[in-house]
Amino acid sequence: HSHGGKKDEVDIDADRFFRAVDQAVLQHHSRPSKLPLLLAALPEHHGMFHQISKNPFLLDEGIKIHPDALPLDELREKAWEVFEPQYQSRLAKQAEHFALAKSKGLGLDELQEIAKAAVAGRITTLLIEADREIAGRIDAATGKLKLTHLGDPELDDVLDDLGELVLSNGGQVVIIPSEQMPTKTGAAATCRF
């Protein structure tokens, strides 16, 4: 009888601990970042944590091993194994969303058009090709684009500047691997209007 009482106490303590962890992670990490959350914990803790969690960013799948039991590189590999299918799906959805917006006249793929829309605050989502740089400058008042060669010290990376403009106007920026980029210009934008 006394062993059952101790188990109940442990369960109550675990419940309190998981609720506190869930609330802190949601408040300080998940809500601000809006990034998916992957649980790495002993197998016996997954069910209870998922049952308690109020975090909408918590993935159904997780890593069922104590995170301290693996070197950091192996933990990253296991996390990527779980997350990669969802990441690939998200990229595909971004490309589909852009194609749909373009068919309705709300998708832009020319850098000059994207720059003007970014300055005007019209872009909801900007897709930027990973590892690509385009030397130039954007006139913050007009959106006019001036392209040049990469060696010019007075000019910046246009794609980086576009990303900053979109973020400052409340839009979303997604970095896309070059093989999955839906355009050849290095950028694709979905507009509000």
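Structure's up top.
These lines cover the structure that appears in this document, whether it is placed above or below. Throughout, residues of each chain are indexed from 1 in the direction in which the sequence is written. pLDDT decides what is reported in this predicted model: residues at 70 or higher carry local features, side-chain atom pairs at 80 or more are listed and counted, and totals for whole chains, interfaces and linings draw on all residues regardless. Each side-chain value is derived from all of the structure's non-hydrogen atoms; neither hydrogens nor water enter the calculation.

## Some details on the pattern of salt bridges
How we decide: Should a side-chain nitrogen of Lys or Arg be within 4 Å of a carboxyl oxygen of Asp or Glu, the pair is scored as a salt bridge. Helix and strand labels come from DSSP, where a helix needs a run of H or I of at least four residues and a strand needs a run of E of at least two; each type is numbered from the N terminus. We call a residue buried when its accessible area falls under 20% of the maximum for its residue type, exposed when it is over 50%, and partly exposed in between, using a 1.4 Å probe and counting protein chains only.
Following the criterion strictly, the structure yields 5 salt bridges and no others. Ionic pairing is found between Arg16 and Asp13, a salt bridge with its closest N-O pair at 3.8 Å. In this pair, Arg16 and Asp13 both sit in helix α1 (residues 2–33), 3 residues apart, roughly one turn of the helix. With relative accessibility at 58%, the residue Arg16 sits in the exposed group. Here Arg19 ties to Asp15 by a salt bridge, and the two come within 2.8 Å at their closest N and O atoms. Of this pair, Arg19 and Asp15 both sit in helix α1, separated by 4 residues, roughly a single helical turn.

## As for the environment of Lys78
The condition is simple: What makes two residues a contact is simply this: any of their non-hydrogen atoms within 4.5 Å.
Structurally, Lys78 can be placed in helix α3 (residues 72–103). The class of Lys78 is partly exposed, set by a relative accessible area of 34%. Measuring from C-alpha to C-alpha, the distance between Lys78 and Gln51 comes to 23 Å, with 27 residues separating the pair along the chain. Among all residues touching Lys78, those that are not within four sequence positions of it are Ile63 and Leu70.

## Details of the sheet that holds strand β3 (residues 135–138)
This is how the line gets drawn: DSSP bridges decide pairing: two strands pair if at least two such bridges lie between them. Every axis corresponds to a line fitted to the C-alpha atoms, with the helix fit spanning only the stretch in contact, and the corresponding angles, defined between N-to-C directions, vary from 0 to 180 degrees.
As summarised here, the arrangement of the 3 strands in space is β4-β3-β5, forming an open sheet in which the pairing is antiparallel. Of all strands in the sheet, those with a lone pairing partner are β4 (145–147) and β5 (156–157), marking the two edges. In this fold helix α5 (residues 158–168) packs onto β3, β4 and β5, with an angle of close to 30° to the strand it touches most, β3.

## A closer look at the sheet that holds strand β2 (residues 123–129)
For sheets, the rule is that strands pair by backbone hydrogen bonds, running either parallel or antiparallel. In space, the 4 strands of this open sheet follow the order β1-β7-β2-β6, with mixed pairing throughout. Among the strands making up the open sheet, the edge pair consists of β1 (107–108) and β6 (172–176). Of the pairings in the sheet, the one linking β1 to strand β7 (residues 187–191) comprises 2 bridges and is antiparallel in character. Within β7, the residue paired with Leu108 across the bridge is Ala189. Along the sheet, helix α4 (residues 111–119) makes contact with β1, β2 and β7, crossing β7 at roughly 45°. Its contacts with the sheet place α5 against β2, β6 and β7, and it is angled at close to 155° to β2.

## Focus on the packing of aromatic side chains
Cut-off, in case you're wondering: Centres within 6.5 Å make a pair out of two Phe, Tyr or Trp rings, where for Trp the six-membered ring is used; the pair is then stacked when the planes are under 30 degrees apart, edge-to-face when over 60, and tilted otherwise.
A full pass over the atoms with the stated rule returns 5 aromatic pairs. A ring pair is formed by Phe17 and Phe18, whose centres lie 5.9 Å apart and whose planes are at 50°; its orientation type is tilted. With a centroid separation of 5.6 Å and an interplanar angle of 80°, the aromatic rings of Phe18 and Phe49 are classed as edge-to-face. Placement of Phe18 in helix α1 and of Phe49 in helix α2 (residues 43–52) is noted, with a sequence separation of 31 residues between them. On the accessibility criterion, Phe49 (7% relative accessible area) is buried.

## Remarks on a negative patch on the surface
Put simply, the rule is: Here a patch means residues that are over 30% exposed by relative accessible area and free of salt bridges, tied together within 9 Å if like-charged and within 5 Å if nonpolar (Val, Leu, Ile, Met, Phe, Trp, Tyr). Each accessible area is a Shrake-Rupley result for a 1.4 Å probe, and residues are judged covered by the shown protein chains and nothing else. Under the counting rule used here, the positive set is Lys and Arg, the negative set is Asp and Glu, and His together with the chain ends is not counted. Here the site of a charge means NZ on Lys, CZ on Arg, CG on Asp, or CD on Glu.
Negative charge collects at one region of the surface, where Glu133, Asp156, Asp160 and Glu164 lie side by side. By the element assignment, Asp156 lies in strand β5. Residue Asp156 is classed as partly exposed on the basis of its relative accessible area of 41%.

## As for the nonpolar core
In plain terms, the rule: Buried residues of nine kinds, namely Ala, Val, Leu, Ile, Met, Phe, Trp, Tyr and Cys, make up a nonpolar core once their side-chain atoms join them within 4.5 Å.
Counting residues in hydrophobic clusters, the biggest one holds 20 residues, and the most contacted among them are Leu111, Ile114, Ile123, Leu126, Ile138, Leu159 and Leu162. Among residues more than four places away in sequence, those in contact with Leu126 are Ile114, Leu162, Gly163, Val166, Gln172, Val173, Val174, Ala187, Ala188 and Ala189. If you look at the next biggest cluster of nonpolar residues, it comprises 7 residues, including Leu91, Phe98, Leu127 and Ile176.

## Overview of unusual backbone geometry
Although it is not a glycine, Lys34 adopts a positive phi angle of roughly 60°. With respect to the helices and strands, the residue Lys34 is situated in the loop between α1 and α2. For Asp131, which is not glycine, the phi dihedral falls at a positive 60°. Along the chain, Asp131 turns up in the loop between β2 and β3.

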